[in-house]
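Chain by chain, the residues:
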Amino acid sequence: MDVILFGISREIVGMKKLTISTAENIQTVGALKQWMKQKYPQIEKLNSLAVAVDSEYADDDQTLVDENEVAIIPPVSGG
Amino acid sequence: MLVKIVEDIDVSEAYQYLESPDTGAVNLFIGTVRNHTKGKEVVKLVFEAYKKMALKEMNKLAEEAKQRWPIEKLLILHITGEKKPGEAVVAIGVTSAHRDASFEACRFLIDELKKTVPIWKKEFYIDNSVWVNAHP
């Protein structure tokens, strides 16, 4: 699964796109958030952490499939 | 309705888009780079967007505003890239028959944009830089 990264999450991970092996068995948005926080402890310190699936905000129980475009959305600060 | 992510905001072009002889109120809000934050001098801001999703979210807000207020014309522009103090980074414009709708819709659009649209800004000071809102 490919995960697109922006802003501070891109800097924390050090990449624009993260490829997560299917062996990690991440099946939901919530599981992805947990995995990110464990693997990159600095993610845990952020004000909030959202995930977008196919460019829509997704709930933790949403299922992820390989074809989805998945993005990590750190706290937004436009305007 | 004009919803775009751009490199630069041309304020007179934005106003021209909103002008309409049939209406009595044009409200155009321009957000600019402030030269200081919490007592620190700001040198520049750098904006980054998840463009596809940001446009989707901006369009959703525009549609919601059109449902709630009698709007003749509506404009949302946001920049990406680097901006110096004084430069425009966001423009929100609403044209309506009367002023109440244009004030209220403008306020709604900028407040919601700040909450939901996936755009991020990094503030650069003389000695360091931070992603705004990232940490408590």
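About the cut-offs
Residues numbered from 1 in each chain as written. Chains lettered and ligands numbered in written order. Predicted model: local features only at pLDDT ≥ 70, side-chain atom pairs only at ≥ 80, totals over all residues. Heavy atoms only, no water. Contact = heavy atoms within 4.5 Å. Buried area = accessible area lost by both parts, 1.4 Å probe. Salt bridge = Lys/Arg side-chain N within 4 Å of Asp/Glu carboxyl O. Polar contact = N/O pair within 3.5 Å; in protein donor to acceptor, adjacent residues only side chain to side chain. Helix = DSSP H or I, 4+ residues; strand = E, 2+ residues; numbered from the N terminus. Nonpolar A, V, L, I, M, F, W, Y, C, P; charged D, E, K, R; others polar. Buried < 20%, exposed > 50% of the residue type's maximum accessible area, 1.4 Å probe, protein only.

Colleague: For this particular structure, what's the right way to read the interface of chain A and chain B?
Modeller: The figure often quoted for interface size is the accessible area lost as the parts come together. Across the contact, 23 residues belong to chain A and 28 residues belong to chain B. Contact between chain A and chain B buries roughly 2,300 Å² in total, counting both sides, with carbon and sulfur atoms accounting for 51%. Counting the contacts that link chain A with chain B gives five salt bridges. Taking the shortest distance from any N to any O, the salt bridge between Lys56 of chain B and Glu56 of chain A comes out at 3.4 Å. At the junction of chain A with chain B, the criterion picks out 23 residue pairs in polar contact (both at pLDDT 80 or more). Those elements that place two or more of their residues in the side of chain A that touches chain B are helix H1 (7–13), strand E4 (56–57) and strand E5 (70–73) of chain A. In terms of residue count, H1 of chain A provides more of the side of chain A that touches chain B than any other element does, four residues in total. Broken down by class, the residue content of the side of chain A that touches chain B amounts to eleven nonpolar, six polar and six charged.

Colleague: How should the environment of Gly79 of chain A be read in this particular structure?
Modeller: Residue position: Gly79 of chain A is located in the segment after E5. A relative accessible area of 14% places Gly79 of chain A in the buried class. A C-alpha to C-alpha distance of 27 Å links Gly79 of chain A and Met36 of chain A, two positions 43 residues apart in sequence. Residues within four places of Gly79 of chain A in sequence aside, it is in contact with Phe47, His78, Val89, Val90, Leu113, Lys114 and Lys121 of chain B.

Colleague: Would you mind showing me how to read helix H2 (residues 29–39) of chain A here?
Modeller: An α-helical turn contains 3.6 residues, so any two residues separated by three or four positions project in the same direction. Those residues of H2 of chain A not exposed but buried are Val29, Gly30, Leu32, Lys33, Trp35 and Met36 of chain A. Where the residues of H2 of chain A are buried, they touch strand E1 (2–4), H1, strand E2 (17–19), helix H3 (41–44), strand E3 (50–53) and E5 of chain A.

Colleague: Quick question: what am I supposed to make of the pattern of salt bridges here?
Modeller: Opposite charge on two side chains permits pairing when their charged atoms draw close. Within this structure, the stated rule accounts for 15 salt bridges over all chains. With its nearest N and O atoms 2.7 Å apart, the salt bridge here joins Lys33 of chain A to Asp60 of chain A. With Lys33 of chain A in helix H2 and Asp60 of chain A in the loop between E4 and E5, the pair connects residues that are 27 residues apart, well separated along the chain. Of the charged contacts, one joins Lys84 of chain B and Glu82 of chain B as a salt bridge, the two residues approaching to 3.5 Å between their closest N and O atoms.

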